[in-house]
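# Overview (structure and organization)
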Amino acid sequence: SNDISLYIVCREGKWGYIDKTGREVIHCKYDYAYAFCEGLAIVKKSGKYGYIDKTGREVAPCQYDYAEDLHEGLAEVEKSDKWGFVDKTGREVIPCQYDSTDDFSEGLAVVEMDGKRGYIDKTGREVIPCKYADARDFHEGLALVGMNGKYGYIDKTGREVIPFPRKYNWASIFSDGLARVRKSDKWGYIDKTGREVIPCKYDSTSNFLEGLALVVKSDKYGYIDKTGREVIPCQYDEAYGFHEGLA
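Residues numbered from 1 in each chain as written. Predicted model: local features only at pLDDT ≥ 70, side-chain atom pairs only at ≥ 80, totals over all residues. Heavy atoms only, no water.

Let us look at the overall build of the protein chain. When its secondary structure is counted, the protein chain shows 0 helices and 29 strands. Dimensions of the protein chain, computed from the C-alpha atoms along their principal axes, are close to 55 × 40 × 25 Å. Within the protein chain, the proportion of its 247 residues that are buried is 43%. Nonlocal contacts in the protein chain, meaning residues at least 24 apart in sequence, comprise 26% of its contacts between residues at least 6 apart. Per element, the accessible surface of the protein chain, about 12500 Å² overall, is 49% carbon and sulfur. The average position of the 36 basic charges and that of the 42 acidic charges among the side chains of the protein chain differ by 3 Å. (Helix = DSSP H or I, 4+ residues; strand = E, 2+ residues; numbered from the N terminus. Buried < 20%, exposed > 50% of the residue type's maximum accessible area, 1.4 Å probe, protein only. Contact = heavy atoms within 4.5 Å. Areas by Shrake-Rupley, 256 points an atom, 1.4 Å probe, with all protein chains shown as cover. Lys, Arg positive; Asp, Glu negative; His and termini not counted. Charge placed at Lys NZ, Arg CZ, Asp CG, Glu CD.)

Looking now at the environment of Tyr-51. Mapped onto the elements of the fold, Tyr-51 is located in strand E8 (residues 48–52). The sequence separation of Tyr-51 and Ser-204 amounts to 153 residues, and the corresponding C-alpha distance is 41 Å. Side-chain polar atoms of Tyr-51 contact the backbone oxygen of Glu-68, separated by 2.6 Å. (Polar contact = N/O pair within 3.5 Å; in protein donor to acceptor, adjacent residues only side chain to side chain.)

The strands making up a sheet associate through hydrogen bonds between their backbones, and the pairing can be parallel or antiparallel. Pairing is antiparallel in the open sheet, where 4 strands are placed in the order E22-E23-E24-E25. Edge strands, defined here as strands with exactly one partner in the open sheet, are strand E22 (170–175) and strand E25 (196–202). Geometrically, the sheet is characterised by an average inter-axis angle of 20 degrees between neighbouring strands, direction not taken into account. Where strand E24 (residues 186–190) lies against E25, 3 bridges are found, and the strand directions are antiparallel. (Pairing = 2+ DSSP bridges. Axes fitted to C-alpha atoms, helices over the stretch in contact; angles between N-to-C directions.)

Turning our attention to the pairing of E8. Judged by how many residues are buried, E8 sits mostly within the fold: 4 of 5 residues are covered. Inspection of the sheet shows strand E7 (residues 41–45) paired to E8 by 5 bridges, in the antiparallel sense. In the sheet register, Ile-42 faces E8, and the bridge partner there is Tyr-51. Between E7 and the antiparallel strand that follows it, E8, lie 2 residues; Ser-46 among them carries a positive phi value of about 55 degrees. Relative to strand E9 (residues 58–64), E8 is paired through 3 bridges, and the arrangement is antiparallel. Note on E9: the bridge partner recorded for Ile-52 is Glu-58. Turn length for the E8-E9 hairpin, with the two strands adjacent in sequence and antiparallel, is 5 residues, and the turn residue Gly-56 shows positive phi of about 95 degrees.

Bringing the nonpolar core into the picture now. Among the nonpolar cores identified, the biggest contains 13 residues, and Tyr-51, Ala-67, Val-77 and Val-86 are the most heavily contacted of them. Where this core is concerned, the elements lending two or more residues are E8, E9, strand E10 (66–71) and strand E11 (74–79). Sorting elements by how many residues they give to this core places E9 first, with 3 residues. When near neighbours in sequence (up to four residues on either side) are disregarded, Val-77 contacts Tyr-51, Tyr-64, Tyr-66, Ala-67, Lys-82, Trp-83, Gly-84, Phe-85, Val-86 and Cys-96. Judged by nonpolar contacts, the second largest core, of 12 residues, contains Tyr-153, Ile-162, Tyr-168 and Cys-200. (Core = buried A, V, L, I, M, F, W, Y, C linked by side-chain atoms within 4.5 Å.)

Phi angles above zero are rare outside glycine, and Glu-38 is one such case at about 55 degrees. For Glu-38, the position within the fold is in the loop between strand E6 (36–37) and E7. Residue Asp-81 is not a glycine yet carries a positive backbone phi of 65 degrees. Inspection of the secondary structure puts Asp-81 in the loop between E11 and strand E12 (82–86).

Shown next, in the form of structure tokens:
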């Protein structure tokens, strides 16, 4: 999502931006500058962070102890050890009141307060209460949450869609309709009903990319499809995921 129409430059220890012709469109006056993302860039001045637009206008003053890029139109900011969110206008739409936050994903963001995690929407409303020991971003409409050392999946209403599966001691986000799970020290996959569609028999697994997942068995790497068929045998000493048809 980074925008490379402007390029970051440094002169005499100060940072700014030039365009593709080399013209300095935003003067080198910041202690540090970051790439533009969703129309805004993070800049640092006098030890504080803020945001500028492509004209160089400081839409959010350099007043934050830390700042993150925009995701889905909102960005995480930290002030006095508390986290909140600013929008594209630089307005602090969700006050800095949480112990920690995550980026918005599918319209919701994980927030933490008093050691418990839950979810807020873009208005700041706590749509799923902070009651989980662990909570991850939403992917494909489901989020992985943990309580009492066990994990399960909830939908955006907070309903437990896949009950906390006691037989698994680890689980991942959903990707291409499947999620990685670990039973004892072996890995497999479940579908969105919670059914174990690929048995936990691998030493290691990855998310599916381009229809195939990387798996490890007896220290050798290979690839399976979504039916669990080993389409490329576990014969390689090292391997990576598929991109544009090649791995």
